[in-house]
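Structural overview for review
Each chain is listed here by its residues.
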Amino acid sequence: MKIVQMDQNNPDLDLIDEATEVLTSGGVVLYPTDTVYGLGANVFNEKAVEKVYNIKNRDYFKPLSVCVSSIDEILLIADVGNNKTHQILKNNLPGPFTFIFYKKEPIHNYATKNHKVGIRIPENIISRKLTQSFPITTTSANLSGKKTLNNPDEIINQLNEGIDFVIDVGRLKQSEPSTIVDLTRKEPKILRKGSGILKSF
């Protein structure tokens, strides 16, 4: 495990490239988002995604959300639908929201449920930089059923092993998870109220 300190407002691009190489080779990266620390793996790498499940001791029937860097990237992996949905995305992203869509291939089934996928664009420069080559998983860095922590040292102690690269920006002020919104319905539905106030319903 390699641990690097970073300023999340002015990230070291060389270290971001190093973390991206870890993701490219099938490793798992602990990284900050605008809500909590997340566990990232290349969503197109089945074994890498399995590592995230094993680290969290998470039920394989529970899908993982996906992190991308732009709305254009959402269009590549999800069926966004009508103009109203596009407007909701433009008004709320980047931001602390996970939006549920019907997926397109080749997102792995582990990251989906009933052909649906949850997608985030966090308001955090580091997380968006990490996803410029391919989408990565974004799931809270904690053991399933345990408290979500906001300090890398505490997270590492809780998870014990399996993380290959840690981007440490210190204790995050925001430790509430993202708000989950289902956009596969006729009208958007909030499935979990978390951070942020959704605009443009």
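Position numbers for residues start from 1 in each chain and track the written sequence from start to end. Per-residue local features are limited, in this predicted model, to residues with pLDDT of at least 70; the limit for side-chain atom pairs, both in listing and counting, is 80 or more; totals at the level of whole chains, interfaces and linings are taken over all residues. No hydrogens and no water enter the side-chain calculation; it runs on all heavy atoms of the structure.

Per an unreviewed UniProt entry, the recorded name for the chain is Threonylcarbamoyl-AMP synthase, and the organism is Methanobrevibacter arboriphilus.

**Thoughts on the overall build of the chain**
We count a stretch as a helix when DSSP gives it H or I for four or more residues in a row; a strand needs E for two or more, and each element gets its number in order from the N terminus. For the chain, the helix and strand inventory stands at six helices and 12 strands. Atoms counted for the radius of gyration: C-alpha only. Globule rule: 2.2 Å times the number of residues to the power 0.38. Taken over the C-alpha trace, the chain has a radius of gyration of 16 Å; the compact-globule value for 201 residues is 17 Å, and the two agree within 12%. Viewed in the frame of its principal axes, the chain has a C-alpha envelope of about 45 × 30 × 30 Å. We call two residues contacting when some pair of their heavy atoms lies within 4.5 Å. Long-range pairs, those at least 24 residues apart, make up 65% of the contacts in the chain between residues at least 6 apart in sequence. In summary, the charge assignment counts Lys and Arg as positive and Asp and Glu as negative, without counting His or the chain termini. The atoms used to mark charge sites are NZ of Lys, CZ of Arg, CG of Asp and CD of Glu. Computed over 25 positive and 23 negative side-chain charges, the separation of the two mean positions in the chain equals 10 Å.

**Let's talk about the environment of Thr-131**
Examined against the element boundaries, Thr-131 turns out to sit in the loop between helix H5 (125-130) and strand E9 (136-140). Separated by 11 residues in the primary sequence, Thr-131 and Arg-120 place their C-alpha atoms 11 Å from one another. Beyond its immediate chain neighbours, meaning those up to four positions away, Thr-131 contacts Cys-67, Val-68, Ser-69, Glu-73 and Ile-136. By the criterion applied in these results, polar contacts are pairs of N or O atoms within 3.5 Å in which, for protein atoms, one can donate a hydrogen and the other can accept it, and in which residues neighboring in sequence qualify only through two side-chain atoms. Looking at Thr-131, its side chain comes within polar contact range of the main-chain nitrogen of Ser-69, at 3.1 Å.

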